[in-house]
Amino acid sequence: MTLEISKNLHGDDARLIDLFAQIIADCSYRCGKLMPDVPLFWQPHILFSCIADSSSLAESMDSPQSVDDFIHVVTSVEVDTKRPGQFCLHVDVRAVFAGLNAAKDGAFEVRCLIETIKKCQAVCGLELPEDFGQRLSHFAVEPARYHLRITPQNVDVPLYVDPIIPSPTDYKLARKQLAAEIMALGLTPGEYDLSDAKARIDPASASLRLHIEKRLASLNRHQLLQTFIEQHDALLVAERMKIQRVHQSLAHAVEYDRLNAVESARKEFGTMARHYRYLLEKTISSSATSNGEVTEGIVRELVGLVDWYMVLTGASDTLHNGVDVGGVKIDESYIPEIFYSEGYDNREEAFLREYAKSRLGLGANDEDAVKGESKDLLSSERLKSAFMIDLGFDLQNMLTALVVLSQAQRHGFGDELALSYAAPPGRIAQGLADSIEGLDLAEATKITAFLTITEAGVRRLSGRDVDEADVPYWEHNKRIHRYAIRPLVLDGTDLRWGAEMASRAMYNWMSAVQDGYLPADFGWPNVEPVIREVKESIEKRLEVRTEEIFRRHTKFVLRGIDFFKRFRSEGFEDVGDFDVFAYWPDTNLLVTVECKYNQPPFTVKDGRRLRDRIFGKAENDRAGQFSRILRRRQFLEQNRSKLLKLLTWPQSETVSFRNFELYVSRDVYYWMVHPPYPVPTQFVRIDTLDTWIKTELIPPCLND
C-alpha cells in the first residue's frame, strides 16, 4: 500500500492531511493480520492519494469542534478507472483536527481506517465482512498514537523553520583545513596524552581561530550579523518545537525513545545554536567588514570550522580542568582525533539520559519541586528600588520589554513573522514606552541601551580591563556582555534581534533572579544583597520540603538535628547538623539527608568548580561538602544505637540495621551521576524524592 499527499496543499491543510495519511499507514499496518479477507487488499498494489475537501479547509476553523459533530472524515472517494488500485480520498481536515485534538485513545484512528476501507470497497462494488469493525475494536481503546494540542504562539517567529546545518562534506572540508593548519605548525604525527596533548591542541586551535577570523573579515558584516541572528533563532525554534512535541507525546503512545529524542534535539539544534552564537559574538566584537557575499555554502563552511574549533578547545578545557584524562592522535595526513578515558562516552550518555528525564519530568511530582521565588519578587518594591538605584530602570519593566521584543510583529516592528527584526534604538525605546504601562521614554531608553550587546564588551570579562584574545566562551559568570542576556545587536544605525532569543533572554533573566543569582557578575551593590537572600530562602525551603516528603512515609523524622548542641552532656563531636534524619523502626532503616542548592554550571570551568565545591579533591578535603558528610557518616556509625535511644525512637533487635545516605538537590549535575571518587551516597532531585523512596528505598510491601 502506498499513500500520496497532494502537492497543492498549504499550511494547516497540508499538515492535517499528512497526519491523516500517517494514521492510515500506521493503523493499517497494525491491523494487517485482521484483514486477510478484505477484497480491497487482494490487489497487488494500492495507492491512496489524499487531498483536502475544498468545502472543509483548515482556514475556516476558529476552534476545534467535537469529533461527534462530523458525520464523515473521508467525505468521498474516487477510483481511477484506468489505473486499478488507485484511489483519491477527499478528507475533511476539520474532522481530522477535531478527532486528534486532545485524543486519549485510538478510536479516531480506527474510525479513519474503517471509513477509508469501507468507502474504497463501496466504489469498487465490494462489501466489508460483517464483523470487520468488531475485529478492530480493541485497537480503539488502546492509548492514542496520534494526538494534537492547541498551544498559543507566544513568540513572533515563523512556525516552521529550516536552519542551515553543515553537511558531512562541510565537516570533512573543515577537517581538511584544520589538517593544513596543523601541518603548517610543524606538529609531528603521533599520539599524545595530557600535557603533551594540550601543547599540540592549543596552537592548532589558535591557528584555526585565526583562519575563522580571516574568513569573517572577508565577508559583509551586515549580512553576517543578520544571517547569524536568524539562523541562531531558527535553531532555537527547532529545538523548542521538537522538545515540545516530545512533551506532548506523554499524552499518547509512541514507539520512539523519548529520552533519545530530547537528547538528539539538544545535540542537533542546541549545539549548532551555540556555534552560531559564537560566530555572532565574534562578528559583533570586530568592526572588520568587506564586500564578500554571505552565501548558504559559506555559512555551512564557517559553522563546520567552528565545530572543529570547539572540539579542540573543549578537549583543551577538559584536560586543563582535570575533568577527564585524554589526548590527541595526529595521523600521517595531519588529521587530529581527540580521545578520552575508557568509558567516557558511556558516562556522557548516562548523564544525558538523566538530564533528559529531568527535562521531561519523568518520575517527578511537580508539587514537590522547590521553585524559585514567586513572580511577586520581580515586582517587589525592594528589588525595584535596588534596580532603580543601580541601573536606573525596573527589572520588571526590562522583562516586559523582552516580552515585547519577542512579540515584535504584533507590536508593530514588522509586517509579518520573521527570524529577525530591526529598528533604530529610538524607535525601539518609543515602542516599549507605548506598549508597557507606566514606562516612560527615559527608562525605556535605558533598558534599550542595557539590552544592547556592545563591540567593546563582548571580549571583556568582569573585573578585568583588557580584552581576551577570543570570545571568552570558557567563562559564564564573568561575561556581562553575552548575547544570551543582551539580545539587541547594533547593525549599522539599527538594532537587530531575534524574537526567540529575546524570549530566551527574558527567561534567562527571570529564572536566574527567581533562583537566587544574577545571570552574570555585574557587581551591583544594591541588587546583589536582595538576590542573595533569595538563594538562602531556597536552601531553607529545600530542607523543609525534604522533611515533608519523608513524613509521608514515617513519623520518625527530624529536620536540622544537631546532636552536639541538643545533647551537650553526652560530649558528642561537633559534626554539624543533619538536614533531615529519618527512621523506619520495623526495618531498622535510618536515612540521613544532606540538602544542597548549587548554582548550575554552564562551562567546563563551572563544572570543575562545582565538582570541587561538592567533593573537594578527596573525600576528606575540608573545602568540599563531602568532608562534612563524611564526618557525619562516621559519627553515625559510631553512635547509631545511642542516638536512637536519646531520641526515644523504638529500635529493632531482630532486624539487621541499614543506613542510607542521600544528597538531595533541585537538579542533578554530571558529577552527581558520576562522582570523582566512590561514595555510598545516593543523589536525588527533590521533585523525584517521593518516587525514589517508594521504588528504591522502601520494600514494595511496605508501600501497600
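Caption draft 1: Spotlight on the overall build of the protein chain. Regarding its fold elements, the protein chain presents 23 helices and 16 strands. Oriented by its inertia axes, the alpha-carbon framework of the protein chain measures out at about 95 × 80 × 65 Å. The burial tally for the protein chain puts 50% of its 704 residues in the buried class. Here the analysis covers contacts within the protein chain between residues at least 6 apart in sequence; of these, 73% occur between residues at least 24 apart. Charged side chains in the protein chain number 85 positive and 104 negative. The centres of these two groups are separated by 4 Å.

Caption draft 2: The side chain of His674, seen in detail. Inspection of the secondary structure assignment puts His674 in the loop between α21 (670-673) and β16 (682-685). In terms of polar contacts, His674 uses its side chain to reach the backbone carbonyl oxygen of Arg347, at 2.7 Å. Every residue in contact with His674, bar those within four places of it in the chain, is listed here: Arg347, Ala350 and Phe351.

Caption draft 3: Highlighting the nonpolar core. Core analysis: the largest hydrophobic core is formed by 128 residues, its most contacted members being Trp509, Phe550 and Leu689. Of the residues forming this core, the biggest block, 11 residues, is contributed by helix α10 (residues 296-320). The contacts of Trp509, once residues within four sequence positions are left out, are Leu395, Met398, Leu399, Leu402, Phe450, Ile485, Pro519, Phe522 and Trp524. Of all hydrophobic cores here, the second largest spans 41 residues; its members include Leu40, Cys50, Val73 and Val74.

Caption draft 4: The arrangement of the sheet that holds strand β12 (residues 556-561) in detail. On the basis of which strands lie adjacent, the open sheet formed by 5 strands has the order β12-β13-β14-β15-β16 and mixed pairing. Only two strands of the sheet have a single partner each, and these edge strands are β12 and β16. The average undirected angle you get between the axes of adjacent strands in this sheet is 25°. The sheet contact formed by strand β14 (residues 589-595) and strand β15 (residues 658-665) spans 7 bridges and is parallel. Paired with Cys595 across the bridge in β15 is Val664. Across the sheet, helix α20 (residues 625-646) is in contact with β13 (578-584), β14, β15 and β16; its angle to β15 comes to roughly 145°.

Caption draft 5: Layout of the environment of Ala180. For Ala180, the position within the fold is in helix α6 (residues 168-184). For the pair Ala180 and His476, spaced 296 residues apart in sequence, the C-alpha to C-alpha distance is 32 Å.

Caption draft 6: The arrangement of unusual backbone geometry in detail. One non-glycine residue, Leu194, lies in the positive phi region at around 45°. Within the element layout of this structure, Leu194 appears in helix α7 (residues 194-217). For Asn588, which is not glycine, the phi torsion reads 55° and is therefore positive. In this structure, Asn588 sits in the loop between β13 and β14.

Caption draft 7: Summary view of a negative patch on the surface. Among the surface-exposed residues, Glu191, Asp193, Asp196, Asp331, Glu332 and Glu337 lie close enough to one another that they form a single negatively charged patch. For Asp331, the position within the fold is in the loop between β6 (326-330) and β7 (336-340). Given the relative accessible area of 36%, Asp331 is considered partly exposed.

Caption draft 8: Structural view of the packing of aromatic side chains. Applying the stated criterion across every chain yields a total of 37 aromatic pairs. Pairing Phe351 with Tyr670 gives two aromatic rings, centres 5.7 Å apart and planes at 70°, and the pair type is edge-to-face. One end of the pair, Phe351, is in helix α11 (residues 344-360); the other, Tyr670, is in helix α21, with 319 residues separating them in the sequence. Neither residue differs from the other here; Phe351 and Tyr670 are each classed as buried. Between the aromatic rings of Phe413 and Trp497, the centroid separation amounts to 5.5 Å while the plane-to-plane angle is 85°, which identifies the pairing as edge-to-face. Linking Phe413 in the loop between α13 (395-406) and β8 (421-423) with Trp497 in strand β11 (residues 494-497), this pair joins segments that are 84 residues apart in sequence. Lying across the ring of Phe339, Lys329 places its NZ or CZ 5.7 Å from the centre. If you follow Arg486 out to its NZ or CZ, it ends over the ring of Phe450, 4.2 Å from the centre.

Caption draft 9: Broad picture of the side chain of Asp515. For Asp515, the position within the fold is in the loop between α16 (499-514) and α17 (527-551). For Asp515, a relative accessible area of 16% puts it in the buried group. Other than its neighbours up to four places away in sequence, Asp515 contacts Gly372, Val534, Ile538, Tyr597 and Arg666.

The rules behind the values
Residues numbered from 1 in each chain as written. Predicted model: local features only at pLDDT ≥ 70, side-chain atom pairs only at ≥ 80, totals over all residues. Heavy atoms only, no water. Helix = DSSP H or I, 4+ residues; strand = E, 2+ residues; numbered from the N terminus. Buried < 20%, exposed > 50% of the residue type's maximum accessible area, 1.4 Å probe, protein only. Contact = heavy atoms within 4.5 Å. Lys, Arg positive; Asp, Glu negative; His and termini not counted. Charge placed at Lys NZ, Arg CZ, Asp CG, Glu CD. Polar contact = N/O pair within 3.5 Å; in protein donor to acceptor, adjacent residues only side chain to side chain. Core = buried A, V, L, I, M, F, W, Y, C linked by side-chain atoms within 4.5 Å. Pairing = 2+ DSSP bridges. Axes fitted to C-alpha atoms, helices over the stretch in contact; angles between N-to-C directions. Patch = residues over 30% accessible without salt bridge, like charges linked within 9 Å, V, L, I, M, F, W, Y side chains within 5 Å. Areas by Shrake-Rupley, 256 points an atom, 1.4 Å probe, with all protein chains shown as cover. Salt bridge = Lys/Arg side-chain N within 4 Å of Asp/Glu carboxyl O. Phe/Tyr/Trp six-rings, centres within 6.5 Å; stacked < 30°, edge-to-face > 60°. Lys NZ or Arg CZ within 6 Å of the ring centre and 35° of its normal.

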